[in-house]
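Listed here are the chains, written in short residue letters.
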Amino acid sequence: SNKLQRGINAIKEIKSEVLYFSNAKLVDDKLNYLGRFVYRRKIHCDFYSLVISGGVLGCTVMFNRNIADRMYEAGVPDKITMHDCYAALVCSIFDGEIIYDNEATLDYRQHSNNVVGSQSGKVGALKDRIRKIFKPAYVSIAEQASSVLKIFENELSDEKKQWLMKVSEYRNSFANALKLAFSRK
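All of these numbers come straight from a predicted model, not from anything done at the bench.

### What about the nonpolar core?
- Formed by 37 residues in total, the largest nonpolar core has its most connected members in Leu19, Phe21, Phe47, Val51, Ile98, Phe152 and Leu164.
- Residue assignment for this core shows that the elements contributing at least two residues are β1 (18–27), α2 (47–53), α3 (65–74), α4 (83–93), β4 (97–109), α6 (141–152) and α7 (158–168).
- In terms of residue count, the dominant contributor to this core is α4 (seven residues).
- Once residues lying within four places of it in the same chain are set aside, the contact partners of Leu19 are Val56, Val61, Met62, Phe63, Ile67, Ala87, Ala88, Cys91, Glu97, Ile98 and Ile99.

### Concerning the packing of α6 against α7
- At a minimum axis separation of 7 Å, α6 and α7 run at an interaxial angle of 145°. For the element pair α6 and α7, the recorded crossing hand is left-handed. Residue-level inspection shows Ile141, Ala142, Ala145, Ser146, Val148 and Leu149 of α6 in contact with α7, the latter providing Lys161, Leu164, Met165, Val167 and Ser168.
- Grouping the amino acids of the contact of α6 with α7 by side-chain chemistry returns eight nonpolar, two polar and one charged.

### Considering the pattern of salt bridges
- Tallying each qualifying case throughout the model produces seven salt bridges.
- With a closest N to O distance of 2.9 Å, Glu17 and Arg70 form a salt bridge. Pair noted here: Glu17 is in the loop between α1 (3–11) and β1 and Arg70 is in helix α3, with a separation of 53 residues, a long-range link.
- Exposure remark for Glu17: the relative accessible area of 8% places this residue in the buried category.
- On the accessibility criterion, Arg70 (28% relative accessible area) is partly exposed.
- Linking Asp95 and Lys160 is a salt bridge whose minimum nitrogen-to-oxygen distance equals 2.8 Å. In this pair, Asp95 sits in the loop between α4 and β4 while Lys160 sits in helix α7, placing the two residues 65 residues apart along the sequence.
- Residue class for Asp95 comes out exposed when judged on its relative accessible area of 63%.

Conventions and cut-offs
Residues numbered from 1 in each chain as written. Predicted model: local features only at pLDDT ≥ 70, side-chain atom pairs only at ≥ 80, totals over all residues. Heavy atoms only, no water. Core = buried A, V, L, I, M, F, W, Y, C linked by side-chain atoms within 4.5 Å. Buried < 20%, exposed > 50% of the residue type's maximum accessible area, 1.4 Å probe, protein only. Helix = DSSP H or I, 4+ residues; strand = E, 2+ residues; numbered from the N terminus. Contact = heavy atoms within 4.5 Å. Axes fitted to C-alpha atoms, helices over the stretch in contact; angles between N-to-C directions. Left-handed = near helix turned anticlockwise from the far one by under 90°. Nonpolar A, V, L, I, M, F, W, Y, C, P; charged D, E, K, R; others polar. Salt bridge = Lys/Arg side-chain N within 4 Å of Asp/Glu carboxyl O.

So, in structure tokens, the structure goes:
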């Protein structure tokens, strides 16, 4: 695979914050192609979508020194879902560029013990949804939003602060959950 060179070529000329990630082919534990890719539709990489869903495949992520420096200076938030999501959030906080490459640059091995992964087929997708509802992630998006707000409060625009507050408070009441669910962002 030319994953490294593709990523380097994509970010090398950009002087501001930039993060690259790509698609991947799903394969089973014997490396047989499962007939689909990790990303099947348009990826939303804006700040508001990243706060809610993360959305970047960590094993394909590359970012420049600007993001590394921003992460080092800020420190690690108390609560964060995944380090790759945190890097993408940092990039978006500072209005950096997030580059998605639809080409599959690696095989993503899918097995029953994956921490994160994609289920294939309708039954697998349904199982995944049910699991997420009844066994939520160790760190919720509300906790992550609160942690990010705390460490980047002085760097965030008012609009981004308001979004993080909305997400961090969505579990406090049914009304807050509905506001977030029906938000236009």
